[in-house]
Amino acid sequence: MGAFNLETCARPNILTLEPYRCARDDYKDDGSNILLDANENAYGPSIAGDGMAAAQRGASEPALDFLGLHRYPDPHQADLKELFCRYRNTHAHTAQTLTPDNLFVGVGSDEAIDALLRCFCVPGRDRILVCPPTYGMYSVSAQVNDVGLVRVPLLPAPTFGLDVEGVCAALAAERDVKLVYLCSPGNPTGSRLAKADVRAVLEHPTWNGVVILDEAYVDFAPDDASLAEWVLEWPNLVVMQTLSKAFGMAGIRLGAAFASAPVARLLNSLKAPYNISSPTSALACHALDAPGLAVMRANRARIVEQRSRLLEELPRIEGVGRLRGGADSNFLLFEMLDATSRPDNATALAVYQRLAETKGVVVRFRGKEHGCLGCLRITVGTADEVTRFLESLGKALAEVRGGSAPEGRGE
């Protein structure tokens, strides 16, 4: 036996790491569950019918040419970046035009989150600022990179707006904060941050750092909501996006970060040489071309219709409380009430478990998040999925509120 000791060999911050968890860590999908937990697009990928058929058979039409897999993929992804820029050049926020020089593409938004930390933060010294409740991977990636956290919570529900005064005060007082991660629309809040509030942080008079705006859900918000092209006005702004949500392409793991050309150059310099596979690139290009965008917009309209249905019908169910946050995403955050009509984590956790274990419907328990007492986050599904969810939720709430809550797991 050699001298190896994992406890003293591994980095201390990795030994204490709590990995990102999802509801499917608790409930494995056997193919029959309705999955309303991960904010995926239940209507499927944004690929037109002919393109989908080509992808399934591995055809060699130009946009889906999967031949040549013995060659490394294009390290620069110029065609994909051009399509992404064309989609985001609305000129709603600037007269300038995004080009591929303003873009980094990676393996989901998570690669961009990590790349920005590695680019700007010195391990063991620098820190990032986050505004809970928010996406958990910011803090996970920070810990992996041995980067500290400063937390300035969002304003209380139902608005979950940015505490501009608190953020700006923290940036003035706290040393070595290099990055501010903001999520808009927020996860799990579903609320968009005000453009003026983002601008106030960008204009901070003494702070030398970068604001990262995570717009994973922006395509469910009103048209022209994205601030991606604003990176041309603000060199200290990065806007992250993904094809996982509105485009229904979660399985290909494609994310993007819009930035000023100098920042984008840094991110592209530190990435792995061939980080985007050829099949991923081909499918992403197909999703961002005209037929793919038409499919995305049609599916988005169906999701928005079902979102409106949930907003109308959920409050009618006994035991469902208030909407917390906004409705600018493909999910909603609602309170679950105990027998005394108060939001309650034990009730919410019991409902979460009962839905999955006895109804085959998986949502997400968010009650431990800041300002989310008693809340479940519900992804908007298809019409049939929403019908089954509403029926199951009513039954689960009646069962839980009429009996004792089971001991639970979940996070």
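Notes on the structure follow. Each residue is numbered by its place in its chain's sequence as written, counting from 1. Reporting of local features is limited, given that this is a predicted model, to residues whose pLDDT is at least 70; pairs of side-chain atoms are given and counted only at 80 or more, and all residues count toward the totals for whole chains, interfaces and linings. With hydrogens and water set aside, each side-chain value is computed from the structure's full complement of heavy atoms.

**Points about the sheet that holds strand β6 (residues 210-214)**
The pairing criterion is simple: DSSP has to find at least two bridges between the two strands. Elements are defined by DSSP. Helices are runs of H or I of four residues or more, strands are runs of E of two residues or more, and each kind is numbered from the N terminus. Spatial ordering of the open sheet is given by β2-β8-β7-β6-β5-β3-β4, a layout of 7 strands whose pairing is mixed. Here the strands that pair on one side only, and so sit at the sheet edges, are β2 (103-106) and β4 (148-151). Averaged over all pairs of adjacent strands, the angle between their axes in this sheet comes to 25°, without regard to strand direction. Looking at chain direction, strand β7 (residues 237-242) and strand β8 (residues 255-259) are connected through 5 bridges and run antiparallel. What sits directly across from M240, in β8, is A257. We call two residues contacting when some pair of their heavy atoms lies within 4.5 Å. Only the stretch in contact is used when fitting a helix axis, every axis being a line fitted to C-alpha atoms; angles between N-to-C directions are given from 0 to 180 degrees. Sitting on the sheet, helix α9 (residues 261-270) is in contact with β2, β7 and β8, with an inclination near 30° to β2.

**Examining the pattern of salt bridges**
Note on pairing: side chains with opposite charge can pair once their charged atoms come close. In what follows, salt bridge is the name for a side-chain nitrogen of Lys or Arg lying within 4 Å of a carboxyl oxygen of Asp or Glu. Scanning the model with the defined rule gives 16 salt bridges in all. Across the salt bridge formed by E312 and R316, the nearest N and O atoms sit 2.9 Å from each other. Take E312: its relative accessible area is 48%, and that puts it in the partly exposed class. One salt bridge connects R354 with E399, and the closest N-O pair in it is separated by 3.3 Å. Residue R354 is found in helix α12 (residues 345-359), and its partner E399 is found in helix α13 (residues 383-402); the two are separated by 45 residues along the sequence. Given a relative accessible area of 23%, R354 falls into the partly exposed group. Throughout this description, buried means an accessible area under 20% of the type-specific maximum (1.4 Å probe, protein chains only), exposed means over 50%, and partly exposed covers the range between. Residue classification places E399 among the partly exposed residues on the basis of a relative accessible area of 33%. Shared partners join several salt bridges into a network, and the residues in it are R125, D126 and K178.

**Overview of the sheet that holds strand β9 (residues 320-323)**
The strand order across the open sheet formed by 4 strands is β9-β10-β13-β12, and the pairing between neighbours is antiparallel. If you trace the sheet from one side to the other, it starts and ends with β9 and β12 (364-365), each paired once. Here strand β10 (residues 331-336) pairs with strand β13 (residues 375-379) via 5 bridges, running antiparallel. Residue pairing for β13: E335 is matched across the bridge by C375.

**Some points on the packing of aromatic side chains**
In summary, the pairing rule links any two rings of Phe, Tyr or Trp, Trp by its six-membered ring, whose centres are within 6.5 Å, and it sorts them by plane angle into stacked for under 30 degrees, edge-to-face for over 60 and tilted for everything else. Counted by the stated rule, this structure contains 8 aromatic pairs. A centroid spacing of 5.9 Å and a plane angle of 75° characterise the contact between W230 and W234, whose relative ring orientation is edge-to-face. Each of the two residues, W230 as well as W234, counts as buried. Charge-over-ring placement is defined geometrically: NZ (Lys) or CZ (Arg) within 6 Å of the ring centre, and within 35 degrees of the ring normal. Residue placement shows R377 over the ring face of F331; its charged tip is 5.6 Å from the ring centre.

**A word on the environment of K195**
Here K195 shows up in helix α8 (residues 195-202). Looking at K195, the relative accessible area reads 34%, which means it is partly exposed. Residues K195 and S184 lie 11 residues apart in sequence; the distance between their C-alpha atoms is 9.9 Å. Residues within four places of K195 in sequence aside, it is in contact with H93, L227 and W230. The term polar contact refers here to a pair of N or O atoms within 3.5 Å; inside protein, the definition further demands a hydrogen-donor-capable atom paired with an acceptor-capable atom, and it admits residues adjacent in sequence only when both atoms are side-chain atoms. A polar contact of 2.9 Å, which involves the side chain of K195, links it to the side chain of H93.

**What about the pairing of β2?**
Regular strands show a simple pattern: their side chains alternate between the two faces of the sheet. Neither face of β2 is left uncovered, since the one carrying L103 and V105 and the one carrying F104 and G106 both have all their residues buried. One ladder, built from 4 bridges, connects β2 with β8; its direction is antiparallel. Considered in β8, the bridge of F104 is made with A257.

**What to know about α8**
Within the span of α8, buried status applies to V198, V201 and L202. The buried side chains of α8 occupy one side of the element, clustering within an arc of 105° when seen end-on. As for α8, its buried residues are in contact with α7 (164-173), β6 and β7. The directions considered for the arc are those from the helix axis to the C-beta atoms.

**Concerning the packing of helix α10 (residues 278-288) against helix α11 (residues 290-313)**
It is at 4 Å that the axes of α10 and α11 come closest, and there the two elements cross at 70°. By the angle between their directions, the pair α10 and α11 is classed as roughly perpendicular. Contacts from H286, A287 and L288 in α10 reach A290, G292 and L293 in α11. Here the nonpolar group is Ala, Val, Leu, Ile, Met, Phe, Trp, Tyr, Cys and Pro; Asp, Glu, Lys and Arg are the charged ones; every other residue, Gly included, is treated as polar. The class makeup of the residues in the contact of α10 with α11 is 4 nonpolar, 2 polar and no charged. Should an angle lie under 35 degrees it is considered roughly parallel, over 145 roughly antiparallel, and from 65 to 115 roughly perpendicular; all remaining angles are considered oblique.

**A few points about the nonpolar core**
Core analysis: the largest hydrophobic core is formed by 91 residues, its most contacted members being L129, L314, F389 and L393. Each residue touching L314, except ones within four places of it in the same chain, is listed here: V320, F334, I378, F389, L390 and L393. Residue types Ala, Val, Leu, Ile, Met, Phe, Trp, Tyr and Cys, when buried and joined through side-chain atoms within 4.5 Å, form a set referred to as a nonpolar core. If you look at the next biggest cluster of nonpolar residues, it comprises 27 residues, including I113, V130, I212 and M240.

Scope: geometric values only; no functional claims are made or implied.
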